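Secondary and tertiary structure notes
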Amino acid sequence: VIRKMKDEGLSKDELAPHVAELLALKAELDPSSVSPPKKKKKQQQQKQKQPTAKASKQKQQTEDAESDYITPRAENYSKWYNDIIRVCSLAETSPVRGCMVIKPWGMSLWDRVRNDLDARIQDHGAENAYFPLLIPKSFLSKEAEHVDGFAKECAVVTHHRLTASPDGKGLIADPDAELEDPLIIRPTSETMIWNMFKKWIVSHRDLPLKVNQWANVMRWEMRTRPFLRTSEFLWQEGHTAHATSEGAIQDSKDMLDQYADMCEKLLAIPVVKGAKSPSERFAGAEETFTIEALMQNGWALQSGTSHFLGQSFGKAFDVTFQDAEGKMQDVWGTSWGVSTRLIGALIMTHSDDAGLVLPPRVAPVQVVVVPIPAKKNDEEGKKALNDALDKLVADLKGAGLRVKVDDRDYVRNGAKYFEWERKGVPLRIELGPRDVEKGACVFKTRVGSEGKETVTLGEVSVRATKVLDALQEYLLDTAKERLVGGMNMMASYDQMKVALEADEASEYDGPGLYLVPWKCDAANEEKIKEECKATIRCYPTDVNEAGMAEGKKCFYSGEDATHMALFGRAF
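Quick caveat, the model's predicted, so the values are computed rather than measured.

Things to note about helix α13 (residues 379-398)
With 20 residues, α13 extends 28 Å from end C-alpha to end C-alpha; this agrees with the ideal 28 Å at 1.5 Å per step. Those residues of α13 not exposed but buried are G381, L385, A388, L389, L392, V393 and L396. For α13, the buried positions fall inside an angular range of 135° around the axis, keeping them on one side. Exposed side of α13, more than 90 degrees from the buried face: E379, E380, K383, D390, K391, K397 and G398 are the residues found there. Downstream of α13 by one or two residues, G400 has phi in the positive range, about 85°.

Right, here's the structure in full:
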């Protein structure tokens, strides 16, 4: 009967009750007829032990975390990026979702950025200070646009202590310890700092007032990437108050110039300077200036911003000053900052399939010296090698270079070479007994030259300095060529749409950026974002000041263009 029903085309759901009835009758007549054989039961148990999709994914993640394999960029650029961070010991995930642990090699890169930038900030006239991590929720509510911009990203502290749960199985927030005014873990510090500016600013003689803070901030993120987008990150934030709008605008532009110069000279990353469209401005700002860098996969990365705040925060916190004529005036403000996102930019601008590539000026170790030991019984050779090694290192350090001697006797030389190349050290020097006899050593650069170079010991420091300077220039020139080559000029909207709508972060060597005439229109900007995921990275300063948009039609609406806009996909 069941077979006949199948032949008539009944579905599985329709057959199910009839099959169940048949099995029940069989069980009554002959229980053994429905009892599975022992062997089959064992097979079923084995099937049950098969890992779930979630378990398989976790196993794969564990295997990836323990692997030293670097996925080629052409295979999967996103995975390559994550592999570089893991294999080169820059950072790793933490027990807190969305937060990372920055390891010593990664932190030393941020230290180099911080030291260079801190000197620039002090030359800019700002002084370092520190403000509380916790900000009263009522402070954020004072500036409407600001609170709207950050409300969805805020982490909130509602209680000031824990207590044992009633069932004794853990801890809970003590109901009797609820805060009257909840505290926000700072997403940025404008509100706290302007609250203090009210106390510090009385007269025009107190202006301009410029402070900078090196700190961590928290912006709750659901989808994270190490260094590029994490819930907690490190940054510096500068905040200034001025007597005039002209002074504030000039301050924000001057600091953007410092960011661009630091990226180029320290990190060998060329950037495009420009202004954000109104839709992309910082919450509460009248103008946001930005530097945008182009990564190897053709995506942009916002690498630093500087904001002209107008008088919004001054008015929100009632910050006024008495001018030279005795009249009370509202102050004008700016804020500006860069973060550990620059480490992500550094990785994706220069590194290759073999590992990290570091420009010499930012490298924690610029030169690694690998001594090749003399034979066990060759005491004279050992002494000569040690003497030559000591002098070589002293000469390099005397030239102001950061040097590491890798004399680990439990690691083979080949493994040492492999390790330091992966970590991006710009220059390796090999020195062995035979080299000492010849009065020479061997140079090998991380990139820029395939072969090795023999250098006399007396010329080591001079030659090393020249090699590192040339390498810094080589990396900058290579990045500049990529930026120029990745800039598509005057494309039609359809051309850009076709190129970008299927472009993903995992694709290597994508279509790049599009410089096009544009009529500023928030609605059209949102439509383009929906249609092909492209955003306006900025209105580039140089081409817009040169009047390049004049007489041109918007590539999207066909109306008279107001700007030249740089569109692209972005991290």
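Anyway, onward from the coordinates.
Some details on a nonpolar patch on the surface
A contiguous nonpolar patch, built from Y130, L133 and L134 and spanning about 270 Å² of accessible area, is present on the exposed surface. For L134, the location among the structural elements is in strand β4 (residues 134-136). Among the residues examined, L134 registers a relative accessible area of 33% and is labelled partly exposed.

Observations regarding the pattern of salt bridges
Under the defined criterion, the tally for this structure stands at 32 salt bridges. For the salt bridge of D116 with R120, the shortest nitrogen-to-oxygen distance reads 2.8 Å. You can see D116 and its partner R120 sitting in helix α6 (residues 104-123), four residues apart, about one turn around the helix. Classification of D116 by relative accessible area gives partly exposed; the value is 26%. It is possible to trace a salt-bridge network through shared partners that takes in D116, R120, D261 and K265.

Let's talk about the sheet that holds strand β11 (residues 272-275)
Taken in spatial order, the eleven strands make up an open sheet running β3-β9-β10-β16-β13-β12-β11-β24-β25-β23-β22, and their pairing is mixed. Each edge of the open sheet carries a strand with a single partner, namely β3 (127-128) and β22 (487-489). Pairing of strand β10 (residues 232-242) with strand β16 (residues 332-339) involves eight bridges; the strand directions are antiparallel. Residue W235 lies in a different strand from β16, and its bridge partner there is S339. Of the strands in this sheet, β13 (300-310) and β16 are in contact with helix α12 (residues 341-350), which crosses β13 at around 145°. Across the sheet, helix α17 (residues 493-500) is in contact with β23 (513-518) and β25 (563-568); its angle to β23 comes to roughly 150°.

With respect to a negative patch on the surface
Residues D469, E473, D477 and E481 make up a contiguous surface patch of negative charge. Assignment of secondary structure puts E473 in helix α16 (residues 460-485). Judged by its relative accessible area of 51%, E473 falls in the exposed class.

Let's talk about the packing of α13 against α16
Relative orientation of the contacting elements α13 and α16 amounts to 50°, with a least axis distance of 8 Å. With respect to their mutual orientation, α13 and α16 come out oblique. For the pair α13 and α16, the crossing hand works out as right-handed. Seen from α13, the contacting residues are L392, D395 and L396; seen from α16, they are V460, S461 and A464. Looking at side-chain class alone, the contact of α13 with α16 contains four nonpolar, one polar and one charged residues.

Describing the side chain of R537
Position of R537 relative to the elements: it lies in strand β24 (residues 535-540). Engagement of the side chain of R537 in a polar contact is seen with the side chain of T535, the distance being 2.7 Å. In this structure, R537 is in contact with K276, T290, E292, A300, Q302, L566, F567, G568 and A570, ignoring residues within four places of it in sequence.

Some details on the packing of helix α5 (residues 77-87) against α12
Packed helix pairs are characterised by how far apart their axes lie and by the angle those axes make with each other. At a minimum axis distance of 11 Å, the contact between α5 and α12 shows a crossing angle of 115°. The angle between the axes of α5 and α12 places the two elements in the roughly perpendicular class. When you trace α5 past α12, the crossing you get is right-handed. Between α5 and α12, the residues in contact are Y77, W80, Y81, I84 and I85 and G344, I347 and M348, respectively. Of the residues that constitute the contact of α5 with α12, the class distribution is seven nonpolar, one polar and no charged.

Observations regarding the pairing of strand β8 (residues 178-185)
The side chains of a regular strand alternate, residue by residue, between the two faces of the sheet. Two elements, β4 and β8, share three bridges in a ladder whose sense is antiparallel. Bridging from a neighbouring strand, I135 pairs with I184 of β8. One ladder, built from four bridges, connects strand β5 (residues 155-159) with β8; its direction is antiparallel. For V157, the partnering residue across the bridge sits in β8 and is L183.

Quick notes on the confidence of the model for the protein
Across the protein, pLDDT averages 92, with 88% of residues at or above 70. Throughout residues 37-47 the model reports pLDDT below 50, and contacts reaching past four residues in sequence, or to other chains, amount to zero contacts.

Notes on unusual backbone geometry
For the bond from L207 to P208, the omega torsion is -5°, close enough to zero to count as cis. With phi around 70°, F227 is a residue other than glycine that occupies positive phi space. Overall, F227 belongs to the buried group, its relative accessible area being 3%. Positive phi, normally seen in glycine, also occurs at D509, with a value near 60°. Within the secondary structure, D509 is located in the loop between α17 and β23.

Some details on the nonpolar core
Counting residues in hydrophobic clusters, the biggest one holds 58 residues, and the most contacted among them are L90, F227, L267, I347 and F571. Those elements giving two or more residues to this core turn out to be α5, α6, α10 (245-265), β12 (287-294), β16, α12, β17 (367-371) and α14 (413-422). With near-sequence residues (within four places) excluded, F571 lies in contact with Y77, R225, L228, R229, M295, N297, W299, A300, L301, R341, M348 and A505.

Quick notes on the rules
Residues numbered from 1 in each chain as written. Predicted model: local features only at pLDDT ≥ 70, side-chain atom pairs only at ≥ 80, totals over all residues. Heavy atoms only, no water. Helix = DSSP H or I, 4+ residues; strand = E, 2+ residues; numbered from the N terminus. Expected span 1.5 Å × (residues − 1). Buried < 20%, exposed > 50% of the residue type's maximum accessible area, 1.4 Å probe, protein only. Arc of directions from axis to C-beta. Patch = residues over 30% accessible without salt bridge, like charges linked within 9 Å, V, L, I, M, F, W, Y side chains within 5 Å. Areas by Shrake-Rupley, 256 points an atom, 1.4 Å probe, with all protein chains shown as cover. Salt bridge = Lys/Arg side-chain N within 4 Å of Asp/Glu carboxyl O. Pairing = 2+ DSSP bridges. Contact = heavy atoms within 4.5 Å. Axes fitted to C-alpha atoms, helices over the stretch in contact; angles between N-to-C directions. Lys, Arg positive; Asp, Glu negative; His and termini not counted. Charge placed at Lys NZ, Arg CZ, Asp CG, Glu CD. Parallel < 35°, antiparallel > 145°, perpendicular 65-115°, else oblique. Left-handed = near helix turned anticlockwise from the far one by under 90°. Nonpolar A, V, L, I, M, F, W, Y, C, P; charged D, E, K, R; others polar. Polar contact = N/O pair within 3.5 Å; in protein donor to acceptor, adjacent residues only side chain to side chain. pLDDT = per-residue confidence, 0-100. Core = buried A, V, L, I, M, F, W, Y, C linked by side-chain atoms within 4.5 Å.

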